[in-house]
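# Tertiary structure, described
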Amino acid sequence: MIEGMDRTPLTRDFFDRPVLDVAPDLLGRILVRATPEGPIELRLTEVEAYAGEIDPGSHAFRGRTTRNSVMFGPPGHAYVYFTYGMWHCLNLVCGPEGRASGVLLRAGDIQVGAELTRERRNSARNDKELAKGPARLATALGIDRELNGTDAIAHPGAPLSVLHGTPPPRDQVRNGPRTGVGGDGATHPWRFWIDGDPTVSPYRAHVPRRRAT
């Protein structure tokens, strides 16, 4: 755990802002996952912004559906989706209610509860790989669709909350194209990360999936 870390919970107002303001500002914040076995705390080191109906890379680009309805607000809630038939990914909803946007939590450094995450991520070669990538992060924290729609604004017994933490200096924040996004949204430089942090996942360009012949 980082000494002197600010443990003040983030408020609804923090998330009730444009996604491109919230995303880089989430770096260095502490995501707290309460589990029956004990708490897990993760310092966010990499995120991606998705701007809803104006963003071809977003699940909400074509409007509201049953799957993406949480993205339309209110801000500060978790949007959890299932992908490739095997992985979950965790997003935090932001922006004004009714206008879909969210931040994908791509990677982080486990500060508390590493022993709990090692049990779920026993293929990790070291602790820096426990939450290195969005599917790994969700797996390490025990995130699944049951948490979809969970309010991440701290209240007693909440399964998810976000603390102020220790944001990095602005000159340590980098941005570039989002990982694995194709089409018209491929070049949006909406991935943000802490420069030089070993928990940040490598960039991978989108590779179209081939249909079986």
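A brief report on the enclosed structure follows.

Definitions and limits used
Residues numbered from 1 in each chain as written. Predicted model: local features only at pLDDT ≥ 70, side-chain atom pairs only at ≥ 80, totals over all residues. Heavy atoms only, no water. Helix = DSSP H or I, 4+ residues; strand = E, 2+ residues; numbered from the N terminus. Buried < 20%, exposed > 50% of the residue type's maximum accessible area, 1.4 Å probe, protein only. Contact = heavy atoms within 4.5 Å. Areas by Shrake-Rupley, 256 points an atom, 1.4 Å probe, with all protein chains shown as cover. Lys, Arg positive; Asp, Glu negative; His and termini not counted. Charge placed at Lys NZ, Arg CZ, Asp CG, Glu CD. Salt bridge = Lys/Arg side-chain N within 4 Å of Asp/Glu carboxyl O. Core = buried A, V, L, I, M, F, W, Y, C linked by side-chain atoms within 4.5 Å. Patch = residues over 30% accessible without salt bridge, like charges linked within 9 Å, V, L, I, M, F, W, Y side chains within 5 Å.

For the rest of this paragraph, the subject is the overall build of the protein chain. When its secondary structure is counted, the protein chain shows 4 helices and 9 strands. Counting from the amino terminus, the protein chain carries its helices and strands in the arrangement β-α-α-β-β-β-β-β-α-α-β-β-β. Across the 213 residues of the protein chain, 53% fall into the buried class. Summarising the internal contacts of the protein chain: among those between residues at least 6 apart in sequence, 63% fall at separations of at least 24. Surface exposure of the protein chain reaches about 10500 Å², of which carbon and sulfur atoms provide 50%. A gap of 7 Å separates the mean positions of the 27 positive and 25 negative side-chain charges of the protein chain.

So, about the pattern of salt bridges. This model, assessed by the stated rule, comprises 13 salt bridges. The salt bridge partner of Lys-128 is Asp-109, with a shortest N-O separation of 3.3 Å. On the criterion of sequence distance, the pair formed by Lys-128 in the loop between helix H3 (114-120) and helix H4 (134-141) and Asp-109 in strand S6 (residues 102-112) is long-range, its members being 19 residues apart. What makes Lys-128 partly exposed here is its relative accessible area of 35%. For Asp-109, a relative accessible area of 16% gives the class buried.

Phe-15, Leu-26, Leu-90, Val-103 and Leu-105 are the most contacted members of the largest nonpolar core, which totals 41 residues. In terms of residues, this core owes the most to one element, strand S3 (residues 38-50), which gives 5 residues. What Phe-15 contacts, discounting residues up to four positions off in sequence, is Leu-10, Val-22, Leu-26, Pro-75, Gly-76, Leu-92, Val-93, Cys-94, Gly-95, Ile-153 and Val-162.

Together, Tyr-84, Met-86 and Trp-87 make up an exposed nonpolar region whose accessible area comes to about 370 Å². Its location among the elements puts Met-86 in the loop between strand S4 (78-83) and strand S5 (87-93). The exposure class assigned to Met-86 is exposed, which follows from its relative accessible area of 52%.

Just distances and angles here, no functional claims.
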